[in-house]
Amino acid sequence: MARRRILTLTLVALAGFAVLIGLGTWQVERLRWKQALIAERSAAISAPPAELPRTRDGARPLEFHRVQAKGTFLHDREILVHAIERQRGAAGYLVLTPMRLADGAAVLVERGWVPTDKRDASTRSRGNPPGEAVVDGLLRVAPAEKPGGFVPANDPGRGEWFWMDLPAVTRAADVPEALTFYVEAGPAPNPGGLPIGGQANTDLPNDHLQYAMTWYSLAAALAVFYVLLLRRERAAAQKPVEPS
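Definitions and limits used
- Residues numbered from 1 in each chain as written.
- Predicted model: local features only at pLDDT ≥ 70, side-chain atom pairs only at ≥ 80, totals over all residues.
- Heavy atoms only, no water.
- Helix = DSSP H or I, 4+ residues; strand = E, 2+ residues; numbered from the N terminus.
- Rg over C-alpha atoms; globule rule 2.2 N^0.38 Å.
- Buried < 20%, exposed > 50% of the residue type's maximum accessible area, 1.4 Å probe, protein only.
- Areas by Shrake-Rupley, 256 points an atom, 1.4 Å probe, with all protein chains shown as cover.
- Lys, Arg positive; Asp, Glu negative; His and termini not counted.
- Charge placed at Lys NZ, Arg CZ, Asp CG, Glu CD.
- pLDDT = per-residue confidence, 0-100.
- Phe/Tyr/Trp six-rings, centres within 6.5 Å; stacked < 30°, edge-to-face > 60°.
- Lys NZ or Arg CZ within 6 Å of the ring centre and 35° of its normal.
- Polar contact = N/O pair within 3.5 Å; in protein donor to acceptor, adjacent residues only side chain to side chain.
- Pairing = 2+ DSSP bridges.

Looking only at helices and strands, the chain features 4 helices and 6 strands. Scaling as 2.2 N^0.38, a compact globule of 244 residues should have a C-alpha radius of gyration of about 18 Å, whereas the chain reaches 28 Å, well beyond that. Its C-alpha atoms put the chain at 105 × 35 × 30 Å along the principal axes. Burial statistics for the chain: of 244 residues in total, 39% are counted as buried. Just so you have it, the chain exposes about 14600 Å², and 59% of that area is on carbon and sulfur atoms. Placing the 29 positive and 25 negative side-chain charges of the chain at their respective mean positions leaves the two points 11 Å apart.

If you want it as structure tokens, here you go:
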């Protein structure tokens, strides 16, 4: 009976130990992947400014590279996307405005954030000057699908946008011919202070080392607990049975 309990204890401990070590090793692999991604993004941001590409394939290797867009904003076609301001944590909108380039092409520019009470463009007209404009920002490739189940679905009919569905946004802005990427404006101030640029989230969280250490620590704790239980079971098995 005692041997059976020891065997069961050993099998359960080995299974749990294998799972915990596997989870820790997986987090180490994720750590290396995240470190490479952070290094790649840092290199892109610090690289010299790149020319604005004209195709999605040309844009992919340039994501998060600095670019310059020069043209005329189509302010009457702006799209607002629900967003939280990066520094203040306040609710509001990102202003997406098509820009007509000199060669006739169009590109969508995320100009920055405005508070909820400045949703109407007429309340921030100083920030929408006419004429040619130059935008320094980061090239971004929009996601191909809704980023996660917690993000609400867009409702173009009501003008409610929650994520960058670029094909749908360009159709709603009446620039279906726009380039298949967008430019996220840098922190240079706009006239009147709005929109507030520099909303790009360039920081990538990297907690995988902590997660790995947690799983490995649990594996070590399980090993200690197993040894203590094993000693107790062996001691109980070796204890002489008192005669009745």
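What follows continues from the structure just given.
Now for the environment of P156. With respect to the helices and strands, the residue P156 is situated in the loop between β5 (132-140) and α3 (166-172). Overall, the relative accessible area of 47% leaves P156 in the partly exposed class. Along the chain, P156 and A39 lie 117 residues apart, while their C-alpha atoms are 37 Å from each other.

In this section: the confidence of the model for the chain. Averaged over all residues, the pLDDT of the chain equals 88, while 96% of them reach at least 70. The weakest mean pLDDT in the chain belongs to helix α2 (residues 56-59) at 85; the strongest belongs to strand β3 (residues 91-101) at 95.

A cis amide bond links L194 with the next residue in sequence, P195, at an omega value of -5 degrees. With respect to the helices and strands, P195 occurs in the loop between β6 (182-185) and α4 (208-238). Notably, D174 is not glycine yet its phi reads approximately 60 degrees, a positive angle. Within the secondary structure, D174 sits in the loop between α3 and β6.

Following the criterion strictly, the structure yields 0 aromatic pairs and no others. The lysine or arginine in question, R41, covers the ring of F64, its NZ or CZ lying 3.8 Å from the ring centre. Of note, R111 hangs over the ring of F73, and the distance from its end group to the ring centre comes to 4.8 Å.

Position of N128 among the secondary structure elements: in the loop between β4 (106-115) and β5. One polar contact links N128 to R111, side chain to side chain, over a distance of 2.8 Å.

Further remarks concern the pairing of β3. Burial analysis of β3 places 9 of its 11 residues in the buried class, which makes it a mostly covered element. Bridge count for strand β1 (residues 66-73) against β3 is 3 bridges, and the pairing is antiparallel. Along β3, the bridge assignment pairs T72 with R100. Direction of pairing for strand β2 (residues 79-84) relative to β3: antiparallel, over a ladder of 6 bridges. Among the inter-strand pairings, V81 is bridged to a residue of β3, identified as L94. Linking two consecutive strands that pair antiparallel, namely β2 and β3, is a turn of 6 residues; a positive phi of about 75 degrees is found at G89 within it. Bridge analysis of β3 against β4 gives 9 bridges, and the strand direction is antiparallel. Looking at the pairing, L96 lines up with E110 of β4.

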